[in-house]
Amino acid sequence: MALAGATVGIVLSWVGLNGLEASTLGVNQTQMMFQLTIDAEVMALAGALGFAIGAIGGAAPAFMATRLPIAAALRS
């Protein structure tokens, strides 16, 4: 599930943000423009972090579920 979530997040961010131009407006009316680029390195890092966070976050509940009797787990 962690891998599926990371993959969906990467695809949605690539579709929605890749090539997007953004700008900021500073105090003295100075403007800075930049273009967001999502390349393979960014996708690999995002995938690894998404998978790690999902796996670590899901490990504790999964470990706790293994300690419950099956009948009690199905009732709750």
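Residues numbered from 1 in each chain as written. Predicted model: local features only at pLDDT ≥ 70, side-chain atom pairs only at ≥ 80, totals over all residues. Heavy atoms only, no water.

Novice: So what exactly am I meant to see when it comes to the overall build of the protein here?
Specialist: Helix and strand counts for the protein stand at 3 helices and 2 strands. Moving toward the C terminus, one meets the helices and strands of the protein in the order α-β-β-α-α. Projected onto the principal axes, the alpha-carbon positions of the protein cover approximately 65 × 30 × 15 Å. For the protein, with 76 residues in total, the buried portion stands at 7%. A fraction of 37% describes how many contacts in the protein between residues 6 or more apart in sequence connect residues 24 or more apart. A total of about 6200 Å² of accessible surface is found on the protein, and carbon and sulfur atoms cover 72% of it. (Helix = DSSP H or I, 4+ residues; strand = E, 2+ residues; numbered from the N terminus. Buried < 20%, exposed > 50% of the residue type's maximum accessible area, 1.4 Å probe, protein only. Contact = heavy atoms within 4.5 Å. Areas by Shrake-Rupley, 256 points an atom, 1.4 Å probe, with all protein chains shown as cover.)

Novice: Please clarify how helix α2 (residues 40–66) should be interpreted in this entry.
Specialist: For the α-helix, the turn length of 3.6 residues means that residues three or four positions removed from each other point alike. Relative to the 39 Å expected for 27 residues at 1.5 Å per residue, α2 spans 37 Å between its end C-alpha atoms, a close match to the ideal helical length. At Ala-59, α2 shows its largest bend, some 30°, and a proline, Pro-61, comes one to four positions later. (Expected span 1.5 Å × (residues − 1). Bend = angle between axes of the 7 residues up to and from the residue.)

Novice: Help me out: how do you make sense of the pairing of strand β1 (residues 21–25) in this one?
Specialist: On a regular strand, one side chain projects to one face of the sheet and the next to the other, so that they alternate. Sheet topology places β1 next to strand β2 (residues 31–35); 5 bridges connect them, and they run antiparallel. In the strand pairing of β2, Glu-21 is matched with Gln-35. Between β1 and β2, which pair antiparallel one after the other, the connecting turn spans 5 residues, and Gln-29 there sits at a positive phi close to 60°. (Pairing = 2+ DSSP bridges.)

Novice: So what exactly am I meant to see when it comes to the packing of helix α1 (residues 2–17) against α2 here?
Specialist: For any two helices packed against each other, the geometry is given by the interaxial angle and the distance between the axes. Direction vectors running N to C along α1 and α2 enclose 145°, while the axes themselves pass 8 Å from each other. In the crossing of α1 with α2, the sense of the turn from one axis to the other is right-handed. Packed against α1, whose contacting residues are Ala-2, Leu-3, Ala-6, Ile-10 and Trp-14, the element α2 presents Met-43, Ala-46, Gly-47, Gly-50, Phe-51, Gly-54 and Ala-55 at the interface. (Axes fitted to C-alpha atoms, helices over the stretch in contact; angles between N-to-C directions. Left-handed = near helix turned anticlockwise from the far one by under 90°.)

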